[in-house]
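As a plain string of letters, each chain reads:
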Amino acid sequence: MGEEYSNISRASAQCGAVVTFVGLVRDIYDEKDSGESVQNIELEHYPGMTESICTQIIEEAHQYYPFDAVTLIHRVGKLGPNAQIVFLAVASQHRENAFNAAQYIMDYLKTKATFWKREVGSRGSQWLGVKEKDAKAVQRWLSMREKNEQ
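Here, residues in each chain are numbered from 1, in the same order as that chain's written sequence. Whole-chain, interface and lining totals are the exception, using all residues; otherwise, since this is a predicted model, local features are given only for residues with pLDDT of at least 70 and side-chain atom pairs are given and counted only at 80 or more. Only hydrogens and water are set aside when side-chain values are computed; all heavy atoms of the structure are taken into account.

**Observations concerning the sheet that holds strand β7 (residues 124-128)**
Strands pair, by our definition, only if DSSP identifies at least two bridges between them. Going along the chain from the N terminus, every DSSP run of H or I of four or more residues is numbered as a helix, and every run of E of two or more is numbered as a strand. If you trace the 4 strands from one edge of the open sheet to the other, you get β4-β2-β6-β7, paired in antiparallel fashion. What marks the edges here is a single partner per strand, and that holds for β4 (77-79) and β7. Within this sheet the neighbouring strands show an average axis-to-axis angle of 20 degrees, counted without direction. As paired strands, strand β2 (residues 38-45) and strand β6 (residues 115-121) are joined by 7 bridges and run antiparallel to one another. Bridged to Asn-40 within β6 is Val-120. Where helices are involved, their axes are fitted lines through C-alpha atoms of the stretch in contact, as for all axes, and angles between N-to-C directions lie from 0 to 180°.

Structure representation (structure tokens):
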């Protein structure tokens, strides 16, 4: 992760901000104090399609929130608690664009990219779908776009 940060921070002499995000595997289910734990998650994807969708999401983010460079790494396979799932870094001349682009990319990544996630734990094994809060986050971006286009 340190090397990725170094690479992106040197991507542009005009870079004034680098926003990074690291997503981790949680060892708990969404419910609070359930006493049950997640042992691992298994992530699958459709090669080629996944990369294409990620590229499209990044290009859209750049259209609305211009930035100088981006690095997106998403792992697949079996991952245990506290393992890094995703690394995102966005470098921009201004922090506002870097923050907005990073959040836009993550919100769309959670809802549009072709990753399938299965939790394995004390409840057994279950495939996860798009969470309502993630769908609402994307809807917020769509509403903002509509306002800006008017």
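**Describing the pattern of salt bridges**
As a working rule, side chains carrying opposite charge can pair if their charged atoms are close by. Criterion for a salt bridge: a side-chain nitrogen of Lys or Arg within 4 Å of a carboxyl oxygen of Asp or Glu. Summed over the entire model, instances satisfying the criterion amount to 5 salt bridges. Between Glu-42 and Arg-118 there is a salt bridge whose closest N-O contact spans 2.2 Å. Of this pair, Glu-42 sits in strand β2 while Arg-118 is found in strand β6, placing the two residues 76 residues apart along the sequence. Remark: exposure states derive from per-residue accessible area (1.4 Å probe, protein chains only) relative to the maximum for the residue type, with buried under 20%, exposed over 50%, and partly exposed in between. Looking at Glu-42, the relative accessible area reads 19%, which means it is buried.

**A word on the packing of aromatic side chains**
Two rings from Phe, Tyr or Trp (for Trp, the six-membered ring) form a pair when their centres are within 6.5 Å of each other. A pair whose planes differ by under 30 degrees is stacked, one over 60 is edge-to-face, and the rest are tilted. Taken as a whole and assessed by the stated rule, the structure comprises 5 aromatic pairs. Between Tyr-104 and Trp-141 the ring centres are 5.3 Å apart and the planes differ by 70 degrees, which places this aromatic pair in the edge-to-face class. Note that Tyr-104 is positioned in helix α3 (residues 95-112) and Trp-141 in helix α4 (residues 132-149), a separation of 37 residues in sequence. For Tyr-104, a relative accessible area of 1% gives the class buried. You can call Trp-141 buried: its relative accessible area is 2%. These aromatic residues form a ring-pair network of at least three members: Tyr-64, Tyr-65, Tyr-104, Tyr-108 and Trp-141. Taking the ring centre of Trp-141 as reference, the NZ or CZ of Arg-140 above it sits at 4.7 Å. Remark: a charge is flagged as sitting over a ring if the NZ atom of Lys or the CZ atom of Arg is within 6 Å of the ring centre and within 35 degrees of the ring normal.

Shape descriptors only; they carry no functional weight alone.
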